[in-house]
Amino acid sequence: MKDGTQWYFFPSSGSVLDHSLESLIHRLRGLCDNMEPETFLDHEMVFLLKGQQASPFVLRARRSMDRAGAPWHLRYLGQPEMGDKNRHALVRNCVDIATSENLTDFLMEMGFRMDHEFVARGHLFRKGIMKIVVYKIFRILTPGNTDNTEALSLSYLVELSVVAPAGQDVVSDDMRNFAEQLKPLVHLEKIDPKRLM
């Protein structure tokens, strides 16, 4: 929540092989508001709290590794909402906040346990309120040591997303129109996390 407003996360995802990355970056430079993308190098940790419910409560803690002094960010994404089957993106309740340096210690004290961690390196583009990130995920070989990593695959993840207040389902149409312009380089679609388990 921000100022009492309920916020929702609209994601649409795909992937592109390493050898097609430059073509995708070139296309995004032409379509997006920022000609040169921002680059990022982030460390993300996924924490679980198991309780009486069937599925655990999941929080994501992320910090920038290339911007000294940047705060940790804690994100909660709710369960995907059922809705229009023709909607291009999932809709999930979203809470995203900046926190202090001791976030991970605090979560552990609250009873959360770290499930997994990774490093994400990539590019960030913007088109109006849409955010497009193209990034590669790196497995951390020694827990806690972000200098010892290896690429998880031979592809880059591509995520088109919008964070908007409730009732803004029209953003899904804007996302679909934008995603059409990225074909055939990448096919963005809504991916239900339940299907992956």
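Placed above this text is the structure.
Summarised in this report is the structure supplied together with it.

Reading the values: rules and limits
Residues numbered from 1 in each chain as written. Predicted model: local features only at pLDDT ≥ 70, side-chain atom pairs only at ≥ 80, totals over all residues. Heavy atoms only, no water. Buried < 20%, exposed > 50% of the residue type's maximum accessible area, 1.4 Å probe, protein only. Helix = DSSP H or I, 4+ residues; strand = E, 2+ residues; numbered from the N terminus. Pairing = 2+ DSSP bridges. Salt bridge = Lys/Arg side-chain N within 4 Å of Asp/Glu carboxyl O. Contact = heavy atoms within 4.5 Å. Core = buried A, V, L, I, M, F, W, Y, C linked by side-chain atoms within 4.5 Å.

## Brief notes about the pairing of strand S9 (residues 155-165)
Taking burial as the measure, the eleven residues of S9 include eight buried ones, the bulk of the element. Note that strand S1 (residues 7-17) and S9 share eleven bridges and pair antiparallel. Bridge pairing links Phe9 to Val163 in S9. Pairing of strand S7 (residues 130-140) with S9 involves five bridges; the strand directions are antiparallel. The residue of S9 that forms the bridge with Tyr135 is Leu157.

## Topic: the pattern of salt bridges
The full count for this structure, using the stated rule, is twelve salt bridges. In this structure, Lys136 engages Asp18 in a salt bridge whose closest nitrogen and oxygen atoms are separated by 2.9 Å. You can see Lys136 sitting in strand S7 and its partner Asp18 sitting in the loop between S1 and helix H1 (21-31), a full 118 residues away along the chain. On the basis of relative accessibility, which here comes to 7%, the residue Lys136 falls in the buried class. Residue Arg75 is joined to Asp96 by a salt bridge in which the shortest nitrogen-to-oxygen separation is 3.1 Å. With Arg75 in strand S4 (residues 72-77) and Asp96 in strand S5 (residues 92-99), this residue pair connects regions lying 21 residues apart in the sequence. Among the residues examined, Asp96 registers a relative accessible area of 41% and is labelled partly exposed.

## Some details on the environment of Leu28
Relative to the elements of secondary structure, Leu28 occurs in helix H1. Among the residues examined, Leu28 registers a relative accessible area of 0% and is labelled buried. Separated by 73 residues in the primary sequence, Leu28 and Glu101 have C-alpha atoms spaced 34 Å apart. Every residue in contact with Leu28, bar those within four places of it in the chain, is listed here: Phe125, Ile132, Val134, Phe178 and Leu182.

## Observations concerning the nonpolar core
In this structure, Phe10, Leu24, Leu28, Ile132, Leu160, Phe178 and Leu182 are the most contacted members of the largest nonpolar core, which totals 26 residues. Apart from the residues lying within four places of it in its own chain, the contact partners of Leu182 are Leu24, Arg27, Leu28, Leu31 and Leu188. If you look at the next biggest cluster of nonpolar residues, it comprises nine residues, including Leu59, Trp72, Leu103 and Phe112.

Keep in mind these values describe shape, not function.
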